[in-house]
Amino acid sequence: MPQAMSWEEWATHDAVALAARIRGGELTPGEAAAQAAAAVARLDPQLEAVLGLYEDILIDPDRDLPDRSGKLYGVPMFLKDLGSGLDKRVQESGSKLHEGHVVPATDPTVTNYLSAGLVPIGRSTTPEYGMTIDTSTDYLGRVKVTRNPWHPARTAGGSSGGSAAAVAAGILPVSMSSDGGGSTRIPAAFCGLVGLKATRGRVPRPLGQNEYMNRTSADGVVTRSVRATAAVYDYLTRIPNGGSFMAMNPPAGSYLDVIARDPAPQRIGLTTGAWGRGGEIDREIAARVRETAGLLESLGHIVEEVDDSAICNWEALWFAYTTNWVGGRAQFAHTARDKRIDPDRLGEYLCPMTYRHFLDAARYDKFDLWRMMACNNTVTRQFGQAMEHYDLLLTPTLAIRVPEANGPYSLLREDPFALWLDRLCNACRYTMPANETGLPAISVPAGLDSDGLPIGVQLYGNFCREDLLLQMAAQIERARPEWFGAIPPVHVTRAG
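This one's a predicted model, so the numbers in the text were calculated from it and none came from an experiment.

Section: the overall build of the chain
Here is step 1: Each helix and strand counted, the chain has 17 helices and 15 strands in total.
Here is step 2: The principal-axis extent of the C-alpha atoms belonging to the chain is close to 60 × 60 × 50 Å.
Here is step 3: Residue pairs at least 24 apart in sequence account for 79% of intrachain contacts in the chain once pairs closer than 6 positions are excluded.
Here is step 4: Element-wise, carbon and sulfur atoms account for 50% of the exposed surface of the chain, whose accessible area totals about 18100 Å².

Structural data, given as structure tokens:
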């Protein structure tokens, strides 16, 4: 099929603009899907961000019944190979333990994507069970490393690394993400994208989970523009009756409508402190956060330095998060038994660092789990008290700049477990607390560092204030448009 657009024209369209072309009859969903598939063929040998395309959807984009009245009808997207899934499609969670797994029923979040009119055309890569910020796997018989379009030697992040690489490279304008420790916001920061993690309970969990079973994770999207994120979240916030452990009222109105106007002056707490972790934050990142603070002040907001030691009991927060993060990996034994695999053979089915999580989980007992929940209660209330004083917190997205692909954060390493976990938590010190407390947070691009790689800055909002986060992000986008939608070296417009 001939391409409907030049690559230069394709790359100028975010999800909202592409949907408008389809709605206006200038482009068909089939043409959009075909162009995205051509972009995969063009770039994925360099990026390794895509696990496969749904050939039946490329033939008939309406096969999975995307809503023709949805605001984003016809726009292609990838489903992350983890979390919410689509009926009868393969989802392997990046693991040999789940190789060949077929989703038994469509999860509510994917139903919401379809309600928006989005067309899932394939699967994007993820590290095993989403357990790190580097998207490298070996379960398919070789090492597969998802690479950053800004520099292929660097990681695209994780665990939504495949989605972020594809969107940043211009393959398509929006792709599924999920976030249990920063897995939407981190690859967004590493790839120069917008990534929102919503309030706990705001987006529905998969059918086999709820917010009590998994308090940290939330599905979402990575996009190139704030309005594309807002447009998707107008649908993602639909929760089926009985489909949530938590009562959550719907948003007061459309996020797309909210971002059309600037926010009123906000009181913003600025923090680039330790957040209870070791090691120094990268100086360039700290400087860019402070530059963003100056921008927000120039836009009429009040920015005050926050003593991070006053935010919460950091020892309690990190005990709660790491106990949940590691202790929950004991479930791999049950997964193995369900698949008629001897749990003593899990080392044959899991990546080295994933297997070390499983082994370390054995040291936790019921008293640790009780203490974990008590600590979660303590720090969530403390963060809530902090948000009584500030409308928003401005932080780095990460303490580090973009690391090497299949490097220090890869699950394929053989490091001592405590060393590896400490390194991960130090890097993610600003993202993981949003998952532990349930607060919403958004990462937005803030230009490039001295190596020409993206830097992300993050805003925390109060509970259920995704509207304000998107409104603030849109104001930053209007003030600094050069930070958003920048073209990396590996891109559809630059491929040979």
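Quick word on the layout of surface pockets
Here is step 1: Taken as a whole, the largest pocket encloses approximately 1500 Å³ of empty space.
Here is step 2: Contributing to the lining of the largest pocket are 49 residues, with Arg205, Gln209, Asn214, Arg329 and Gln331 lying nearest its centre.
Here is step 3: Counting only elements with at least two residues in the lining of the largest pocket, the list comes to β8 (174-179), α11 (314-327), α12 (331-338) and α14 (366-389).
Here is step 4: Here the lining of the largest pocket takes 5 residues from α12, the largest share from any one element.
Here is step 5: Of the residues assigned to the lining of the largest pocket, the class counts are 15 nonpolar, 25 polar and 9 charged.

A short note on unusual backbone geometry
Here is step 1: Cis geometry is adopted by the peptide bond preceding Ser159, which originates at Gly158 and carries an omega value of 5°.
Here is step 2: By secondary structure assignment, the location of Ser159 is in the loop between β7 (151-155) and α6 (161-168).
Here is step 3: Despite not being glycine, Tyr129 shows a phi value in the positive range, around 55°.
Here is step 4: Among the structural elements, Tyr129 can be located in the loop between β3 (119-124) and β4 (136-137).
Here is step 5: The class for Tyr129 is buried, based on a relative accessible area of 13%.
Here is step 6: Phi is positive for Arg340, which is not a glycine, with a value near 60°.
Here is step 7: Position of Arg340 among the secondary structure elements: in the loop between α12 and α13 (352-361).

Observations regarding helix α15 (residues 417-427)
Each turn of an α-helix holds 3.6 residues, which means side chains three or four residues apart point in the same direction.
Here is step 1: If you check which residues of α15 are buried, you get Phe417, Trp420, Leu421, Leu424, Cys425, Asn426 and Ala427.
Here is step 2: Check the buried side of α15 and you find it contacts α11, α13 and α16 (432-437).

Some words on the packing of aromatic side chains
Here is step 1: Taken as a whole and assessed by the stated rule, the structure comprises 11 aromatic pairs.
Here is step 2: An angle of 65° between the planes, with centres 5.3 Å apart, marks the rings of Trp275 and Tyr430 as edge-to-face. With Trp275 in the loop between β11 (267-270) and α10 (283-298) and Tyr430 in the loop between α15 and α16, this pair connects stretches of sequence that are 155 residues apart.
Here is step 3: We classify Trp275 as buried; its relative accessible area is 0%.
Here is step 4: Overall, the relative accessible area of 0% leaves Tyr430 in the buried class.
Here is step 5: Through successive ring pairs, a cluster of aromatic residues spans Trp275, Trp314, Phe383, Tyr430 and Tyr460.

Brief notes about helix α3 (residues 29-47)
Here is step 1: By the largest-angle criterion, Ala41 marks the main kink of α3, which is about 40°, and a proline, Pro45, follows within four residues.
Here is step 2: Among the residues of α3, Pro29, Gly30, Ala32, Ala33, Gln35, Ala36, Ala37, Ala39, Val40, Leu43, Asp44 and Leu47 are the ones counted as buried.
Here is step 3: Among the residues trailing α3, Glu48 stands out with phi positive, at a value near 50°.

Definitions and cut-offs
- Residues numbered from 1 in each chain as written.
- Predicted model: local features only at pLDDT ≥ 70, side-chain atom pairs only at ≥ 80, totals over all residues.
- Heavy atoms only, no water.
- Helix = DSSP H or I, 4+ residues; strand = E, 2+ residues; numbered from the N terminus.
- Contact = heavy atoms within 4.5 Å.
- Areas by Shrake-Rupley, 256 points an atom, 1.4 Å probe, with all protein chains shown as cover.
- 1 Å grid on protein atoms, 1.4 Å probe; cavity = no way out; pocket = protein on both sides within 12 Å on 5 of 7 lines; lining within 4 Å.
- Points joined across faces, edges and corners; volume = space filled by probe spheres on them.
- Nonpolar A, V, L, I, M, F, W, Y, C, P; charged D, E, K, R; others polar.
- Buried < 20%, exposed > 50% of the residue type's maximum accessible area, 1.4 Å probe, protein only.
- Phe/Tyr/Trp six-rings, centres within 6.5 Å; stacked < 30°, edge-to-face > 60°.
- Bend = angle between axes of the 7 residues up to and from the residue.

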